[in-house]
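Given next are the chains, with one letter for each unit.
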Amino acid sequence: MRQLRYCVRIARPISIAENYSRDFKVTDKMLAMLANNAHPLTGDLCIDFPGFCAPIEKTASNISSLYQLDAFDWTILIIYFGILTVLAIYGMYRVKQVIEFWRYSKFPPQPKGWFNEAELPLITVQLPLFNEMYVVERLVKAITEIDYPRDRLEIQVLDDSTDETVSIARTTVENYARAGFDIHYLHRDDRTGFKAGALEEGMKTAKGELIAIFDADFVPRPDFLRKLVHYFTDQTVGCAQMRWAHINGSYNLLTRLQTIMLDGHFVVEQTTRNRSGNFFNFNGTAGIWRREAILLSGGWQHDTLTEDTDLSFRAQLMGWRFVYLLDEEAPAEIPVEINAFKAQQRRWAKGVLQVWFKLYRRIWYAPLPLRVKLEMFFRLTGNICYPLMIVASFMQFPLLVVRYNQGLHQLMMLDVPLLFFSTISVVLFYGSAIWYLDKKRGRRLWHLPLVMGLGIGLAFSNARAVIEALAGVKSDFVRTPKYRVEQTDDESWKRKKYKRKHGWLPLLELSFAFYFVLAIGYAVRMHMWGPIAFLLLFLFGYGYMGVMSLLQTAGGKRLSSALRPASLSPKG
């Protein structure tokens, strides 16, 4: 304000009103005020003309008309808007998916024909396991209750376990074998190839022409096989899959947010890709493969952490068609603790990028439309946004300092369009999934800002996975622990095995949470109210990830118990 007063102060004493008129081009109204002024003139317009400087006082916090950007300001703005542009491009891709979803959602696939009961194909159900002592009995029981002729159904329990799961699984298989089921227990002493290696080993003795696969956390319904098998009357269909549903989706805040994230993928993404003629990826479970499609496409390979996506793209590059049933669901248990969730997301983020590096040449030179190639590019490279998000997070504080001196027109010209595609597109994406699935949508729609925050909170964990993929770092297949949590009041998982260590990432996450506390404090101090809601998303994401990662491994009172909402069915 001192600078502004100097700008309107005259350099010499004023004795007559005409000097004001000549030097400052004041109005007749101001001259009349001078004539009636009984006090001597001071030479300061702010004093001599009451109210003259009021507009300046009101806009003192934004001096864009006088401020000149320096090199630091330009550096911050160029990097920030560069990152925001990349995020906005992927946001435009999400908006495109939302538009296409509502266009194609009304056209479900139909089987080419129907098998007669006597012609139903022989199906081998493969159940890959690794240390699943709490859920193996539930899984096998659900498979044996599937409505399919026993003489056309083979069950393989493919166990790589190193703990009590071995004895539990072997005993369970023996009991069902005595009951007349064609069920076999196959145990490996080494985990070569991890899940892909176990599936490959099972293929050597599998009798079925169709192969159904279920992970340990799934509980398929009795009509699962009959709902999918008839699509294989079309000899070009290589794989068919159902949408995942959630057994424990209303357990705590984490599972509530996970259901929205998973529904976005399984409702919008998978439906749009499959029905618009783009490549759809099998999600590793809750689906059926044609044995011939697996073998001719190169079989299960374990040079990536997402063997399902790898095989899916190789098969479709060879011309096999895939089928996805949006309106049929296979229930599964989702992680109830944060470190298991982060490990799962990290494995998916790294594995998908590994598939891109493995197949991008085949994709580029394949005789496919450009739109299909672009779709695969966005699908397989989307996780590069996580390192960019960390940089964008770190820049929020200096950005506040720089933007403090900028006018509203820059916000309208650049920020609004880019923020729409990079953030509002997320709301449209996940909101569409909620709108399609739920009859009572309000409660889950209110969680959308928290879903955005959770996505931000994954930045450090998934960025680490992306960097490892870029650097070619190999890592083991880290399984997602399952605890058989089905009821909202079940606290037994806190005393069970398999809980993961939090490592050092929570310290980074908490440091960034504190960083955003300071940024929000600065915004409040400077009366910059616009960015505060945006900054709160970052604070929640990093704070929630950091706090929960520490609490759920350090014992004691869990914050998740306090945050647990009322029960809510995934179908609303």
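Parameters at a glance
- Residues numbered from 1 in each chain as written.
- Predicted model: local features only at pLDDT ≥ 70, side-chain atom pairs only at ≥ 80, totals over all residues.
- Heavy atoms only, no water.
- Buried < 20%, exposed > 50% of the residue type's maximum accessible area, 1.4 Å probe, protein only.
- Helix = DSSP H or I, 4+ residues; strand = E, 2+ residues; numbered from the N terminus.
- Axes fitted to C-alpha atoms, helices over the stretch in contact; angles between N-to-C directions.
- Parallel < 35°, antiparallel > 145°, perpendicular 65-115°, else oblique.
- Contact = heavy atoms within 4.5 Å.
- Nonpolar A, V, L, I, M, F, W, Y, C, P; charged D, E, K, R; others polar.
- Pairing = 2+ DSSP bridges.
- Core = buried A, V, L, I, M, F, W, Y, C linked by side-chain atoms within 4.5 Å.
- Expected span 1.5 Å × (residues − 1).
- Arc of directions from axis to C-beta.
- Salt bridge = Lys/Arg side-chain N within 4 Å of Asp/Glu carboxyl O.

Here's the deal with unusual backbone geometry
In this model, Arg484 sits at a positive phi of 60 degrees, which is unusual for a non-glycine residue. A relative accessible area of 36% means that Arg484 is categorised as partly exposed. Even without being a glycine, His527 presents a positive backbone phi close to 60 degrees. Topologically, His527 is positioned in the loop between helix H22 (505-525) and helix H23 (532-554).

Topic: the packing of helix H21 (residues 459-471) against H22
Put simply, H21 and H22 touch, their axes get as near as 9 Å, and they point 130 degrees apart. Between H21 and H22, the interaxial angle falls into the category oblique. Counted together, Phe460, Ser461 and Arg464 of H21 and Leu505, Leu508, Glu509 and Phe512 of H22 form the full contact between these two elements. Broken down by class, the residue content of the contact of H21 with H22 amounts to four nonpolar, one polar and two charged.

A look at the pairing of strand S7 (residues 321-332)
Working note: regular strand, side chains alternate between the two faces of the sheet. The buried fraction of S7 amounts to nine of the 12 residues, a majority that puts the element mostly inside the structure. Bridging between strand S5 (residues 237-246) and S7 involves nine bridges; their strand directions are parallel. Bridged to Arg243 within S7 is Glu329.

Points about the nonpolar core
By size, the foremost hydrophobic cluster in this structure holds 123 residues, and its most contacted members are Trp289 and Trp300. Apart from residues no more than four positions distant in its own chain, Trp300 is found in contact with Ala196, Leu199, Glu200, Met203, Ile213, Phe282, Trp289, Ile294, Glu307, Asp308 and Leu311.

Some details on helix H8 (residues 165-178)
The terminal C-alpha atoms of H8 lie 20 Å apart, and with 14 residues this matches the ideal 20 Å at 1.5 Å per residue to within 8%. When we look at burial in H8, the residues that qualify are Thr165, Val166, Ala169, Thr172, Val173 and Tyr176. Buried residues of H8 fall within an arc of 140 degrees about the axis and therefore sit on the same side. As for H8, its buried residues are in contact with strand S1 (123-129), helix H7 (136-144), strand S2 (153-159) and strand S3 (183-187).

What about the sheet that holds S2?
Backbone hydrogen bonds are what pair the strands of a sheet, in a parallel or an antiparallel way. On the basis of which strands lie adjacent, the open sheet formed by seven strands has the order S3-S2-S1-S4-S6-S5-S7 and mixed pairing. Each edge of the open sheet is held by one strand with a lone partner, namely S3 and S7. Ignoring which end each strand starts from, the neighbouring axes of this sheet average 20 degrees apart. Here S5 runs beside strand S6 (residues 287-290); their pairing, made up of three bridges, is antiparallel. Note that in S6 the partner of Ala240 across the bridge is Ile288. Of the strands in this sheet, S1, S2 and strand S4 (210-213) touch helix H9 (residues 194-203), which is tilted by about 145 degrees from S1.

Considerations on the pattern of salt bridges
On inspection of all chains with the given rule, the structure shows 31 salt bridges. Residues Lys227 and Glu328 are paired through a salt bridge, measuring 2.8 Å at the closest nitrogen-oxygen approach. With Lys227 in helix H10 (residues 224-229) and Glu328 in strand S7, this pair connects stretches of sequence that are 101 residues apart. Given the relative accessible area of 31%, Lys227 is considered partly exposed. Across the salt bridge formed by Lys342 and Glu509, the nearest N and O atoms sit 3.1 Å from each other. Taken together, the residues span a long stretch of sequence, with Lys342 in helix H14 (residues 338-365) and Glu509 in helix H22 at a distance of 167 residues. Here the residues in one salt-bridge network are Arg138, Glu333, Arg484 and Glu486, joined through shared partners.

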